[in-house]
Amino acid sequence: MPGLTLGDTLPNLEVETTHGKIKLHDYVNNSYTIIFSHPGDFTPVCTTELGMMAAYADKFAQRGVKLLGLSCDDVNSHNEWIKDIESFNNGHKVTYPIAADPKRDIIKQLNMVDPDDTQSPSRALHVVGPDKKIKLSFLYPASTGRNMDEVVRALDSLLKASKHKIATPANWKPGEPVVIAPSVSNDEAKEMFQQGFDIADLPSKKEYLRFTVV
């Protein structure tokens, strides 16, 4: 994917939002932040997605994660749209800011453009770390709404891997075993993971698939 991608530094743009002007680096500060884009206000899938983000806001707050929406209309339009979002989503309040991008400049700088229509945003989502770098990106076509449970699951994986030298296996869920990073030797693993770990018995007899719980 061209442009801004994993490991790149988030541009320190100043943006107009429903909470006033913000600079992206100041907003992220020392937190993980989810920045998610939408093709436009008063559109069906976007309304459901922003409503679901509002419903999940407490889950993100519990993890110390901030939210920032982005849609290609102006702030006045956003404020009117929020009334629909909250009404449709059983009154869950939109407490996070929504940035305005009526000229569609921000989506290009944040690499949130639909590859099939370079004038339109995709349903892109970046997870930005406290170091202002992109840690994870989802890129959906405009026709496909995001699964917020998967966003939370992936975020939990990122947060856990930021604290331990581990990775999460396929279909991992919080509370399940994780795998120890290949860069960690067995001797190092014994020191790091004193709760112990299990080594999978594989035909290759290579001891690279090591499971532990953290």
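Residues numbered from 1 in each chain as written. Predicted model: local features only at pLDDT ≥ 70, side-chain atom pairs only at ≥ 80, totals over all residues. Heavy atoms only, no water.

## Some remarks on the sheet that holds strand E11 (residues 178–180)
Strands belonging to one sheet form pairs held by backbone hydrogen bonds; the direction of such a pair is parallel or antiparallel. Here is the rule: Strand pairing requires that DSSP identify at least two bridges connecting the strands. The helix and strand labels rest on DSSP assignments: H or I over at least four residues marks a helix, E over at least two residues marks a strand, and numbering proceeds from the N terminus.
With respect to topology, 4 strands assemble into an open sheet ordered E10-E11-E13-E12, the strand pairing being antiparallel. Since the sheet does not close on itself, it has two edges, and those belong to strand E10 (166–167) and strand E12 (198–199), each with one partner. Both E11 and strand E13 (residues 210–212) contribute to a ladder of 2 bridges, which runs antiparallel. Along E13, the bridge assignment pairs Val178 with Thr212.

## Re the UniProt feature "active site" (unreviewed entry) in the protein
The following threshold applies: UniProt positions are given in the numbering used here, feature names are shortened, and annotations may be inferred rather than shown by experiment. Throughout, a contact is declared for two residues whenever any of their heavy atoms are within 4.5 Å.
With numbering aligned to this structure, UniProt lists the feature "active site" (unreviewed entry) at Cys46. Tracing the backbone through its elements, the reader meets Cys46 in helix H2 (residues 44–55). Once residues within four sequence positions are removed from consideration, Cys46 is found in contact with His38, Pro39, Gly40, Trp81 and Arg123.

## Regarding the pairing of strand E4 (residues 65–71)
Here is the rule: To sort residues, take the accessible area from a 1.4 Å probe on protein chains only and compare it with the maximum for the residue type: under 20% means buried, over 50% means exposed, and anything in between is partly exposed. When the strands point away from the viewer and the connection leading from the first strand across the helix to the second strand turns clockwise, the crossover is called right-handed.
Across the 7 residues that make up E4, a large majority, 6, are buried. Where strand E3 (residues 32–38) and E4 come together, 7 bridges link them in parallel fashion. The partner of Tyr32 across the bridge, within E4, is Val65. Relative to strand E5 (residues 98–100), E4 runs parallel, the two sharing 3 bridges. Counterpart to Gly69 in the pairing with E5 is Ile98. After leaving E4, the chain enters helix H4 (residues 75–88) and then returns to the sheet as E5, a path that is right-handed.

## Focus on the packing of aromatic side chains
Note the threshold: Centre distance within 6.5 Å is the pairing criterion for rings of Phe, Tyr and Trp, where only the six-membered ring of Trp is used; planes under 30 degrees apart are then read as stacked, over 60 as edge-to-face, and the remainder as tilted. Criterion for a charge above a ring: Arg CZ or Lys NZ at most 6 Å from the ring centre, at most 35 degrees from the ring normal.
Inspection of the entire model under this criterion finds 3 aromatic pairs. For the cation-ring pair, Lys59 lies above Tyr56, with the distance from its terminal atom to the ring centre recorded as 5.5 Å. When the ring centre of Tyr27 is taken as origin, the NZ or CZ atom of Lys66, which lies over that ring, is 5.3 Å away.

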